[in-house]
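Inside the fold
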Amino acid sequence: NAGELMAAIRLADLEGEIEVVVFPKTFAQVSRALQVDRLVIVTGTLDTSRETTQIRADDVIEFYEARDRFIARVILRVNTAGLEEETLVSLRDMMATYPGNCHVTFRCEVPGGGVQMVQAGITVKLYDDLLLQFEKMLGKGAVEFVRDERPEGLLRRLPRTNGNGGGNGKHA
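This text gives an overview of the structure that appears in the document.

Rules used throughout
- Residues numbered from 1 in each chain as written.
- Predicted model: local features only at pLDDT ≥ 70, side-chain atom pairs only at ≥ 80, totals over all residues.
- Heavy atoms only, no water.
- Helix = DSSP H or I, 4+ residues; strand = E, 2+ residues; numbered from the N terminus.
- Buried < 20%, exposed > 50% of the residue type's maximum accessible area, 1.4 Å probe, protein only.
- Contact = heavy atoms within 4.5 Å.
- Areas by Shrake-Rupley, 256 points an atom, 1.4 Å probe, with all protein chains shown as cover.
- Core = buried A, V, L, I, M, F, W, Y, C linked by side-chain atoms within 4.5 Å.
- Salt bridge = Lys/Arg side-chain N within 4 Å of Asp/Glu carboxyl O.
- Expected span 1.5 Å × (residues − 1).
- Arc of directions from axis to C-beta.

1. Quick word on the overall build of the chain
When helices and strands are counted, the chain shows four helices and ten strands. Secondary structure elements of the chain, listed N to C terminal, follow the sequence β-β-α-β-β-α-β-α-β-β-α-β-β-β. Relative to its 172 residues, the chain shows a buried fraction of 31%. In the chain, once contacts between residues fewer than 6 apart in sequence are set aside, the share between residues at least 24 apart is 53%. Total accessible area computed for the chain in this model is approximately 11,100 Å², and 50% of it derives from carbon and sulfur atoms.

2. A look at the nonpolar core
Core analysis: the largest hydrophobic core is formed by 19 residues, its most contacted members being Val74, Leu76, Leu126 and Phe134. At the level of secondary structure, the elements contributing two or more residues to this core comprise strand E5 (71-79), helix H3 (85-96), strand E6 (99-110), helix H4 (128-138) and strand E8 (143-147). Not counting residues up to four positions away in its chain, the partners in contact with Leu126 are Arg67, Ile71, Val74, Cys102, Leu131 and Phe145. Membership of the second largest hydrophobic core comes to twelve residues, among which are Ala7, Val22, Ala33 and Val40.

3. Focus: unusual backbone geometry
In this structure, Asp37 is a non-glycine residue whose phi angle is positive, near 65°. The class of Asp37 is exposed, set by a relative accessible area of 78%.

4. Quick look at the pattern of salt bridges
Under the criterion given, the structure shown has twelve salt bridges. Among the ionic pairs, Arg67 bridges to Asp128, the shortest N-O distance being 2.5 Å. Of this pair, Arg67 sits in helix H2 (residues 66-70) while Asp128 is found in helix H4, placing the two residues 61 residues apart along the sequence. In this structure Arg67 comes out as partly exposed when scored by relative accessible area, which is 27%. Lys125 is the salt-bridge partner of Asp68, the closest N and O atoms lying 2.2 Å from each other. Taken together, the positions of Asp68 in helix H2 and Lys125 in the loop between strand E7 (114-124) and H4 put the pair 57 residues apart, joining distant regions of the chain. By relative accessible area, Asp68 is classed as partly exposed at 46%.

5. Some thoughts on H3
Taking 1.5 Å per residue, twelve residues should reach 16 Å; H3 reaches 17 Å between its end C-alpha atoms and fits that length. Among the residues of H3, Leu91, Met94 and Met95 are the ones counted as buried. Looking straight down H3, one finds that the buried residues subtend no more than 95° of arc, so they occupy a single side. Exposed residues on H3 whose side chains face more than 90 degrees from its buried face are Glu85, Glu86 and Ala96.

Following this line, the structure appears as structure tokens:
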């Protein structure tokens, strides 16, 4: 529509860059995330009908908001051999200081190779310092994220360091 604001931006990562077109309706909702040198996640439709491939943005969110928006559950891997009650109390107290919407599940690895999944009955906000404290208490690699169920069928389990999505013509 004439006179409405929209944007054409260059999105770059270590692999290259692509033009992203943000039409007026989407622009009105996401304009605050469109800043130079800001880390963002773009979802949209890949348009290969032109001379240069583009993404037609459906949504743009700031990177730090992605955890709150896409991660529904955090799984904490706990080896029960030698586990002390003091550690569990410390975990509970620590989680209570970070209230949020992300459910916590313990993956209890028992001697002999058994695994028991235990719902913690608590929800947290996944701040970086909380995640670092989890790994400090439970060991490197003890934190796993489970993605919220999405109708697009995107990847549901994300490792802590390098998740990526795909499928159904949508790109993140």
